Amino acid sequence: MKPLLEIRDAHVVRGGKEILIVDDLCLGVGEKVAVLGPNGSGKSTLIQLLTREVLPLYREEPPVRFKGEARAVRADVRKSLGVVSSTMQDEITVHLPVVEVVEGGCFGTLGLPFHVQSTPITRERAVAAMELLGVNELADRDIMTLSSGQARRVLIARALADDPETLVFDEPCSGLDPEGMHYVRAAMRRLAQVGKGIVLVTHYPEDIIPEIDRVILLQDGEVVADGAKLEMLSSEQMSQLFGVQLLSECRSVDGDEYFSLVSSY
Ligand code: ADP
Ligand code: MG
């Protein structure tokens, strides 16, 4: 597997405090992986290292390489990665047709940028992305009028519009009801099944779709475990990670494994 991200001895400091320390972590192109950890454990910071929105402390030997490149530029990174985060939804404050929001993904913006004309190619890409995720009927709707679950799927289509090889999800299901979660998780599966790499950051094992086989556990800004899903998602690991007694359940449906956490209180 070609490397997508290689991190060696990276220290991220914010507000005078080390918020993320990664000794050695590699992700491959096309790999399907989940990063699981409690709130504040550094998950979003790890994603920002990947997208190069955050840089680690300088070292002579560059701590982060993107596709083997120590000085990859943001534009190259944007071509390879489609990012969806739950906070993106809060950034939508204008009335735009859904298709334009999705098309904006071809330009790295939320909607079509000023002075940029839609082209048949970008429109076609937007429509293809919406079709793949089953949101094409929403194309002409005002994005502001959608339910949270619908809007989240539209944002996934937007991340897909420029045909990145890897999709990055930061807490994709937070704030959604069970129906919304169902469709967002189904959308992640669809993308995994058509061969996209998946980097999923979450605090819910329920988000970890069957196609993901590797799980990285993050706690207090450090990777505490990294390995096969079944081992990582054990009751013991989950209880230790989240600091309360948890029972991890794995259910097999039609040969696919689904995880959930149960606690008594
Ligand atoms: P997660 O996504 O797992 O919830 P984050 O990566 O957002 O965690 O943040 C990790 C830690 O870094 C948190 O404790 C957070 O409070 C802290 N942090 C994040 N950004 C800043 C900042 N700009 N200044 C100081 N602390 C920060
Ligand atoms: Mg976060």
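Residues numbered from 1 in each chain as written. Chains lettered and ligands numbered in written order. Predicted model: local features only at pLDDT ≥ 70, side-chain atom pairs only at ≥ 80, totals over all residues. Heavy atoms only, no water.

### Focus: the site of ligand 1
Then, number 1: In the vicinity of ligand 1, the contacting residues are Arg14, Ile19, Pro38, Asn39, Gly40, Ser41, Gly42, Lys43, Ser44 and Thr45.
Then, number 2: Between ligand 1 and Gly40, the relevant distance is 2.7 Å, taken from an oxygen atom to a main-chain nitrogen or oxygen of the residue.
Then, number 3: With respect to ligand 1, the backbone of Ser41 contributes an N or O atom lying 3.2 Å from an oxygen atom.
Then, number 4: Compared with its free state, where it exposes 560 Å², ligand 1 has 60% of that area covered by protein.
Then, number 5: At three residues, helix α1 (residues 43–50) tops the list of elements feeding residues into the shell around ligand 1.
Then, number 6: Among the residues making up the shell around ligand 1, the classes are represented as two nonpolar, six polar and two charged. (Near = heavy atom within 4 Å. Polar contact = N/O pair within 3.5 Å; in protein donor to acceptor, adjacent residues only side chain to side chain. Areas by Shrake-Rupley, 256 points an atom, 1.4 Å probe, with all protein chains shown as cover. Helix = DSSP H or I, 4+ residues; strand = E, 2+ residues; numbered from the N terminus. Nonpolar A, V, L, I, M, F, W, Y, C, P; charged D, E, K, R; others polar.)

### What to know about unusual backbone geometry
Then, number 1: Not every positive phi belongs to a glycine, and Arg52 is a case in point at roughly 65°.
Then, number 2: For Arg52, the position within the fold is in the loop between α1 and β4 (64–66).
Then, number 3: Here Asp163, not a glycine, exhibits a phi torsion of approximately 55°, which is positive.
Then, number 4: Examined against the element boundaries, Asp163 turns out to sit in the loop between α5 (148–160) and β6 (166–170).
Then, number 5: Judged by relative accessible area, Asp163 falls into the exposed class, the value being 53%. (Buried < 20%, exposed > 50% of the residue type's maximum accessible area, 1.4 Å probe, protein only.)

### Here's the deal with a negative patch on the surface
Then, number 1: Taken together, Glu18, Asp23, Asp220 and Glu222 make up a surface patch of like negative charges.
Then, number 2: As for its placement among the helices and strands, Glu222 is situated in strand β9 (residues 222–228).
Then, number 3: Judged by relative accessible area, which is 39%, Glu222 ranks as partly exposed. (Patch = residues over 30% accessible without salt bridge, like charges linked within 9 Å, V, L, I, M, F, W, Y side chains within 5 Å. Salt bridge = Lys/Arg side-chain N within 4 Å of Asp/Glu carboxyl O. Lys, Arg positive; Asp, Glu negative; His and termini not counted. Charge placed at Lys NZ, Arg CZ, Asp CG, Glu CD.)

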